[in-house]
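# Coordinate analysis (summary)
Residues per chain are reported as follows:
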Amino acid sequence: MRKSLRAAALGAACVVAGAALYGSGVASAGQSTANSTHEPYNIGLLTKDIDTYYGTTLDSNGVYQASATSPYAKDLARIDASAKRYIDAAVRTHHKGVKPAVVFDIDDTLLLSLDYEKKNNYGYSSASWAAYVAQANRPEVFGTPALVEYAASKGVAVFYNSGLSEAQRTSAVDNLKKVGVDVNLDADHMFLKNTANPPSYLSGCATAGSWTCTTVQYKSGTRKHIESLGYDIIANFGDQYSDLDGGYADRTYKIPNPTYFVG
């Protein structure tokens, strides 16, 4: 299932941006500080800011791509470099008897959905998202597929913890392979949402036919399960804070994503 709250995403971002602008008494383009309603940041300007951040361009195949020289790419490069240094240090000092592991979200952590966002005007429907995922042709989030391979090369177990549904497993695996991720893509290492037959370790919020888990409950519950198998999750990577909250990871890495929010 595609991540929720997409329809509220830009609204939430606008409120934050608007509060910053009007709280300081500074007027934005076309907006007056005389307006006592605290008008949020203009959505047209916000989408331009997002395009600038990604360096968004339409390629020859009609697909919106991020630029490898964009602020987004530079932020990712800094995160990847920091994560590699940390993985190196964590492996050297890791306690014997407990296996080090890393956990990656998939959507906008390993696979970029910018084209979907742009073409749907930053909106969302489950049908259009399912059709998009089924194409299994999303580009990589710059550098993170290589980070998967790097962790594996250091003897670190790689797991995936995604909000994609169990029905989307084949598409996810095929797409990850296309961007160079070919590490532990089996069901024992890739955890997807199975609302019809949820695992027993989520019994506190999910039973057959009844799924009430929040994103934090699902993600942290899965990490807790991974650690119960004898692993220490040294690093957890995700584009949403709800991918990272809830514990069961020594360190977390927030991957940039200004296009939607999942609480």
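Note: the structure precedes this text.
In this text the structure is predicted, and so the values were computed from the model without any measurement. (Residues numbered from 1 in each chain as written. Predicted model: local features only at pLDDT ≥ 70, side-chain atom pairs only at ≥ 80, totals over all residues. Heavy atoms only, no water.)

### Looking at the overall build of the chain
To be explicit about the condition: For helices the rule is a DSSP run of H or I covering at least 4 residues; for strands it is a run of E covering at least 2, with both sets numbered from the N terminus onward. Think of it in three bands: with a 1.4 Å probe and only protein chains considered, a residue is buried below 20% of the maximum accessible area for its type, exposed above 50%, and partly exposed in between. Whether two residues are in contact is decided by their heavy atoms, any of which lying within 4.5 Å being enough. Using the Shrake-Rupley algorithm and a 1.4 Å probe, accessible areas are obtained, with residue cover drawn only from the displayed protein chains.
Of regular secondary structure, the chain possesses nine helices and nine strands. Every one of the 263 residues in the chain was classed for burial, and the buried ones make up 45%. Contacts spanning at least 24 positions in sequence make up 67% of the contacts within the chain whose residues lie at least 6 apart. If you sum the accessible surface of the chain, you get close to 12,000 Å²; carbon and sulfur atoms cover 55% of it.

### Notes on the side chain of serine 113
Quick reminder of the rule: A 3.5 Å cut-off defines polar contacts: any pair of N or O atoms within that distance qualifies, except that in protein one atom must be a possible hydrogen donor and the other a possible acceptor, and neighbouring residues in sequence count only when both atoms are side-chain atoms.
With respect to the element layout, serine 113 can be found in the loop between strand E3 (99–104) and helix H4 (114–119). Residue serine 113 is classed as buried on the basis of its relative accessible area of 0%. Separated by 2.5 Å, the side chains of serine 113 and aspartate 108 make a polar contact.

### Observations concerning the pattern of salt bridges
Quick note on the threshold: Salt bridge criterion: a side-chain nitrogen from Lys or Arg within 4 Å of a carboxyl oxygen from Asp or Glu.
According to the stated counting rule, one finds eight salt bridges in the structure shown. Between lysine 154 and aspartate 88 there is a salt bridge, and its shortest N-O distance comes to 3.7 Å. With a gap of 66 residues between them, lysine 154 in the loop between helix H6 (144–153) and strand E4 (157–165) and aspartate 88 in helix H3 (residues 71–93) connect regions that are remote in the sequence. The partly exposed category is assigned to lysine 154, whose relative accessible area is 37%. Connected via shared salt-bridge partners are Asp105, Lys219 and Asp243.

### Considering the packing of helix H2 (residues 43–54) against H3
Just so we agree on the cut-off: In this description, a line fitted to the C-alpha atoms serves as the axis of each element, helices being fitted only across the stretch in contact, and the angle between N-to-C directions of two axes falls anywhere from 0 to 180 degrees. Note that the term roughly parallel is reserved for angles under 35 degrees, roughly antiparallel for angles over 145, roughly perpendicular for angles of 65 to 115, and oblique for everything else. Residues are grouped as follows: Ala, Val, Leu, Ile, Met, Phe, Trp, Tyr, Cys and Pro are nonpolar; Asp, Glu, Lys and Arg are charged; all remaining types, including Gly, are polar.
At a closest axis distance of 5 Å, the pairing of H2 and H3 adopts a crossing angle of 55 degrees. The orientation of H2 with respect to H3, classified from their angle, is oblique. Residues Thr52, Tyr53 and Tyr54 of H2 pack against Pro71, Tyr72 and Asp75 of H3. Across the contact of H2 with H3, the residue classes tally to four nonpolar, one polar and one charged.

### As for the sheet that holds strand E5 (residues 190–193)
Selection criterion: When DSSP finds two or more bridges between a pair of strands, those strands are recorded as paired.
Strand order in the open sheet made by the five strands is E5-E4-E3-E8-E9, with parallel pairing throughout. Strands at the two margins of the open sheet, each flanked by one partner only, are E5 and strand E9 (252–254). On average, each strand axis in the sheet is inclined to that of its neighbour by 20 degrees, with strand direction left out of account. Direction of pairing for E3 relative to E4: parallel, over a ladder of four bridges. Each residue of the ladder has a partner; that of alanine 101, found in E4, is alanine 157.

### Overview of the packing of aromatic side chains
Using the following cut-off: Two rings belonging to Phe, Tyr or Trp (six-membered ring only in the last case) form a pair when the distance between their centres is within 6.5 Å. Interplanar angles under 30 degrees mark stacking, angles over 60 mark edge-to-face geometry, and anything in between is tilted. Throughout this description, the term charge over a ring refers to an Arg CZ or Lys NZ atom that lies within 6 Å of the ring centre and within 35 degrees of the ring normal.
Summed over the entire model, instances satisfying the criterion amount to 13 aromatic pairs. Centroid distance tyrosine 54 to tyrosine 72: 4.5 Å. Interplanar angle 55 degrees. Geometry classified as tilted. With tyrosine 54 in helix H2 and tyrosine 72 in helix H3, the pair connects residues that are 18 residues apart, well separated along the chain. A relative accessible area of 1% places tyrosine 72 in the buried class. Cation over ring: lysine 84 sits above tyrosine 150, and NZ or CZ is 5.3 Å from the ring centre. When the ring centre of tyrosine 241 is taken as reference, the NZ or CZ atom of lysine 254 above it lies at 5.2 Å.

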